[in-house]
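This is what each chain is made of:
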Amino acid sequence: MKHMNRALLTAVLCASIGSAVADEAAQSYDIPAQSLHSALQKLADQAGVTVFFSENQVAGKNSTVLKGQYSPREALQKLLLGSGLIYTYTADNSFAIKIADTGSHVAMLPTMTIIGEKKAPIGLSTTEITDQDFNGRQAQIQDTAKLLEDAPGLSLQAGGGVSALPIIHGLNDERIKIDINGMTITSACANHMNPALSYIDRTHVGKIIIMQGVTPVSMGGDSIGGTISVQSPEPVFAEPGKDILINGKASTFYRSNGDAFGGNIAAGIANQNVRLDYTGSHSGSRNYRSGNGRVVESTAYESQNHALALSFKLDNHLLEIKGGQQHIPFQGFPTQRMDMTLNDSIFGNVHYKGSYDWGNLESTLYLENTKHHMDIGYDKLFPQPPGTSHALMPMDVRGRNLGYKVQAEIPYGKRDTFRIGNEFHANELDEWWDPVNGGQTSVNQYGGMWPYAFINLNNATRDRLGTFAEWNADWTPELKSTLGVRYDRTMTGAGVVKPYFNPNVSAADRALWFNQNVRDAWTNQFAEATRFNGQDRSRDYDTFDVTALMQFTPNKISQYEFGYARKNRAPSIYELYPWSTGSMQMSMIGSLGDGNGYVGNPNLKPETAHNISFTAAFHEAENNDWEIKATPYFSYVENFIDADRCGSSNPVCGTAAPSSFRAQPTNGFLFLNYANHDARLWGMDLSARADLFKHPTFGQFGTHTTMGYVRGERMDGGNLYHMMPFNAKLSLDHKLDGWKNSFEMQFVDAKSDVQKLRNELRTPSYVLLNAKTGYQWKNLSIDVGLDNILDKQYYHPLAGVNAGDYYAMSITFPDPGYTNNRNLPGMGRSVFVGMSLTY
């Protein structure tokens, strides 16, 4: 009876205020016909509204096509055509779905599903990718980061098979805020072999939001390049009147180049209020071959991911408790001197969101621990002189990420929405390198990597506490704005370190047992460790962010957006605290894939970026048959963390070391230290789409394209590293019922604007052709494709150097007959096939 009274009251309120809704601004939609539940989810996400409905109301119903420029009410009404359902307006930007004959179904109202809770508005320069967008792609690629490849302004730096690093507008890796289901995960590796996106398998992704440059303060802190937010699928509960819901998905794939294979399974069981989910995946590959048929060494990998989720729903509240583990027994890294020989990670995540009379509340609490091991992989083992054996180079890291985020969203009238929040992230790293096995011979040969463990990082910490406030205003149906401020305090520190050197070995024994190089290396290590341990190693950084965004929709065919953001990022642990300038030690530090060695700089200042962007979008008003969007942008970065070359006049690079250890290598690679320099970056993103032809027999034909260019320079002269030259993708698409086809051309211009400071490699231009087809039979889908159809030999501009085998970066035993231009080659022709079954 209590539920009946509440339902009747809700229905009366809906009817009384439904006619008083203010006019909403129209926006562009392109939602294909699909299940009504999925269509309502897409509408709620894109329009930024809340939709209430019961599961049995939409069960078995499909939506109509929604394509064109509509207000949220108009869009909702069009989606519901022919479904026997109508909507009522319940509150500011909230709608309730009900059966047209409400009299006999009013009791269903208390058991409603809530989707599309209000959130930071999706701006014109933001890209949202859902599982509908990358279905079929999951058989084509194995790295979650590659799901982002088609987003304007985004490119990837090559890593391992599941560990590519994203770059937005020329700003890479830790300059981007990446969260995985609300978790901030910092790489536990000097070479960033385990970046954040590697901790979620591509098949477990439900939605990805990419915000380029001008990011709302509620969506990013401690970053200057943008935000990437990856979310697993929302939990689905049983419909009212049904006791149990059992559903899931299983898929498998095979790729011919590298004999890559794998599969995943997702299974869930739920009633109306509780749901339990399991997801598991496994994938692996051998070394792939380039376009000329040569094996690209150190590109093999194997990865496993498992997770459990327990979800609770009560009225307008959702609680999710997640836990999981990752196991990577091996992952080759063709752009590094080392390979990942083990990566084990476990995580726990508690997420809550709920609606109250005053607004919405969302919070996340998480803990993640990583056990990471690196060593010289088989492909990198080099030939030994007679009478010697291989000596490996073990390197171990233990990492921990702990944090929380709490955010409240408070509507104030129909115009304004306020968001306030607080978040904390603590990162701790310990890194040590066990001594090289092999006794006196190995010690002499490998420069003193014995008898004790080398401590590179000891209880190195980076704790950040951030607070933000944000104001969204809908001034008119045509004009919207966002204004936000944020304060972050970042605190770093590190414990005492130790060299390989044993101080108890007498000078006489050292002279008797070891050669001069070893004695010099030990002297250098001991002096540098003493100097590092004797200084104050704690650092505190106070940073203030500001974001201002304005969106204007003057008519039905155009929209404009202008934004400015002052963004900050404090230095990372690996930029601050690696301390040794020994040639071997420096060669093990560096995440940029350039083959150079690095040493930290405890005196780095935080980066401060001034980002400006303008977006103009145009589309056909009636049926949204075409659209085009262009975004020019500019960033000026104060204290950009770049590098300087080490030398006798550089105070950072081991002034306590003998001059011989400050000399640069002679093999084309360099020793560098991290250093602040002002910089500027600018470029443009362009994306477009058009429907070309539609026929009831032959289906629908369309095309879409993305283009981009970025340029970066240091203000004291010279180019920035890893700037993507002009690139474009053009795709011809076809749809006929459950059949989808596409033919894609990818063009990448030659990279000639390189950074001489790092001896960055130039790359030639190239064109790749790809094709794929797929068919959906109810719950079964099959995808087949052919990548690099012409088997083109090419070098991606951001791939880096080819360090995949010994000869690629040989110093000690060069082979004069080996020729290699040192660029990492891309993958040659490859056939892929995938199959998915949902139930």
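What you see is a predicted model; the values in this text were computed from it and never measured.

Chemist: A description of the overall build of the protein chain should follow, citing residues and the corresponding values.
Modeler: Helix and strand counts for the protein chain stand at 11 helices and 37 strands. Buried positions account for 55% of the 839 residues belonging to the protein chain. Long-range pairs, those at least 24 residues apart, make up 71% of the contacts in the protein chain between residues at least 6 apart in sequence. Accessible surface for the protein chain amounts to roughly 33,600 Å². Of this, 59% is attributable to carbon and sulfur atoms.

Chemist: Explain the sheet that holds strand β8 (residues 154-157) to me, using residue names and the numbers behind them.
Modeler: Pairing is antiparallel in the open sheet, where three strands are placed in the order β8-β9-β10. The strands lining the two open edges of the sheet, one partner per strand, are β8 and β10 (171-172).

Chemist: Residues and numbers for the pattern of salt bridges, please.
Modeler: Counted according to the given criterion, the structure contains 38 salt bridges. Between Asp791 and Arg829 there is a salt bridge; the shortest N-O distance is 4.0 Å. In this pair, Asp791 is assigned in the loop between β36 (780-787) and β37 (830-838) and Arg829 in the loop between β36 and β37, connecting sequence segments 38 residues apart. One connected set of salt bridges, linked through shared partners, spans Lys177, Asp222, Glu423, Arg462, Arg464, Arg486 and Asp488.

Chemist: Tell me about the sheet that holds strand β13 (residues 207-212), and name the residues and values.
Modeler: Reading across the sheet, the five strands line up as β7-β13-β14-β11-β12 and stay open at both edges, with mixed pairing between neighbours. Every interior strand has two partners, whereas the edge strands, β7 (126-130) and β12 (183-184), have only one. Examined bridge by bridge, β13 and strand β14 (residues 226-231) share six bridges and lie antiparallel to one another. By the bridge assignment, Lys207 is partnered in β14 with Gln231.

Chemist: Outline the pairing of β8, supporting the account with residue identities and numerical values.
Modeler: Across the two faces of β8 the burial is the same, with Leu154 and Leu156 and Ser155 and Gln157 all buried. As defined by bridge partners, β8 adjoins strand β9 (residues 165-168) across four bridges and the pair is classed as antiparallel. What sits directly across from Gln157, in β9, is Leu165.

Chemist: I'd like to hear about the nonpolar core, residue by residue, with values.
Modeler: The biggest cluster of nonpolar side chains holds 47 residues, and the ones touching the most others in it are Met338, Met393 and Trp433. Contributing elements (two or more residues each) for this core: β22 (395-412), β23 (416-433), β24 (454-474), α9 (516-533), α10 (573-576), β30 (626-645) and β31 (671-695). In this view, Trp433 contacts Met393, Pro394, Met395, Ala453, Phe454, Asn456, Tyr500, Met584, Gln585, Met588 and Ile589; residues no more than four positions away in its chain are not counted. Ala151, Ala164, Tyr199 and Ile228 belong to the second largest nonpolar core, which has 26 residues in total.

Chemist: Quick rundown of the side chain of Ser198? Include the residues and the values.
Modeler: Within the secondary structure, Ser198 sits in the loop between β12 and β13. The exposure class assigned to Ser198 is buried, which follows from its relative accessible area of 7%. Within polar-contact distance, the side chain of Ser198 engages the backbone oxygen of Pro195 at 2.6 Å. Apart from the residues lying within four places of it in its own chain, the contact partners of Ser198 are Val162, Ser163 and Gln326.

Chemist: Help me get a handle on the packing of aromatic side chains, residues and values and all.
Modeler: In this structure the tally under the stated criterion is 17 aromatic pairs. Aromatic pair Trp471 and Trp475: ring centres 5.7 Å apart, planes at 75 degrees, arrangement edge-to-face. Given a relative accessible area of 37%, Trp475 falls into the partly exposed group. Between the aromatic rings of Tyr766 and Tyr794, the centroid separation amounts to 4.7 Å while the plane-to-plane angle is 40 degrees, which identifies the pairing as tilted. Of this pair, Tyr766 sits in strand β35 (residues 766-777) while Tyr794 is found in the loop between β36 and β37, placing the two residues 28 residues apart along the sequence. One aromatic cluster in this structure is built from Tyr412, Phe418, Trp471 and Trp475.

Chemist: Tell me what's going on with the environment of Thr706, and back it up with residues and numbers.
Modeler: Within the secondary structure, Thr706 is located in strand β32 (residues 699-714). Using a relative accessible area of 17% as the deciding quantity, one classes Thr706 as buried. Taking the C-alpha atoms as reference points, Thr706 and Pro152, 554 residues apart in sequence, are found 6.1 Å from one another. When residues no more than four places from it in sequence are discounted, the contact partners of Thr706 are Asp150, Pro152, Leu686, Ser687, Asn727, Ala728 and Lys729.

The rules behind each value
- Residues numbered from 1 in each chain as written.
- Predicted model: local features only at pLDDT ≥ 70, side-chain atom pairs only at ≥ 80, totals over all residues.
- Heavy atoms only, no water.
- Helix = DSSP H or I, 4+ residues; strand = E, 2+ residues; numbered from the N terminus.
- Buried < 20%, exposed > 50% of the residue type's maximum accessible area, 1.4 Å probe, protein only.
- Contact = heavy atoms within 4.5 Å.
- Areas by Shrake-Rupley, 256 points an atom, 1.4 Å probe, with all protein chains shown as cover.
- Pairing = 2+ DSSP bridges.
- Salt bridge = Lys/Arg side-chain N within 4 Å of Asp/Glu carboxyl O.
- Core = buried A, V, L, I, M, F, W, Y, C linked by side-chain atoms within 4.5 Å.
- Polar contact = N/O pair within 3.5 Å; in protein donor to acceptor, adjacent residues only side chain to side chain.
- Phe/Tyr/Trp six-rings, centres within 6.5 Å; stacked < 30°, edge-to-face > 60°.

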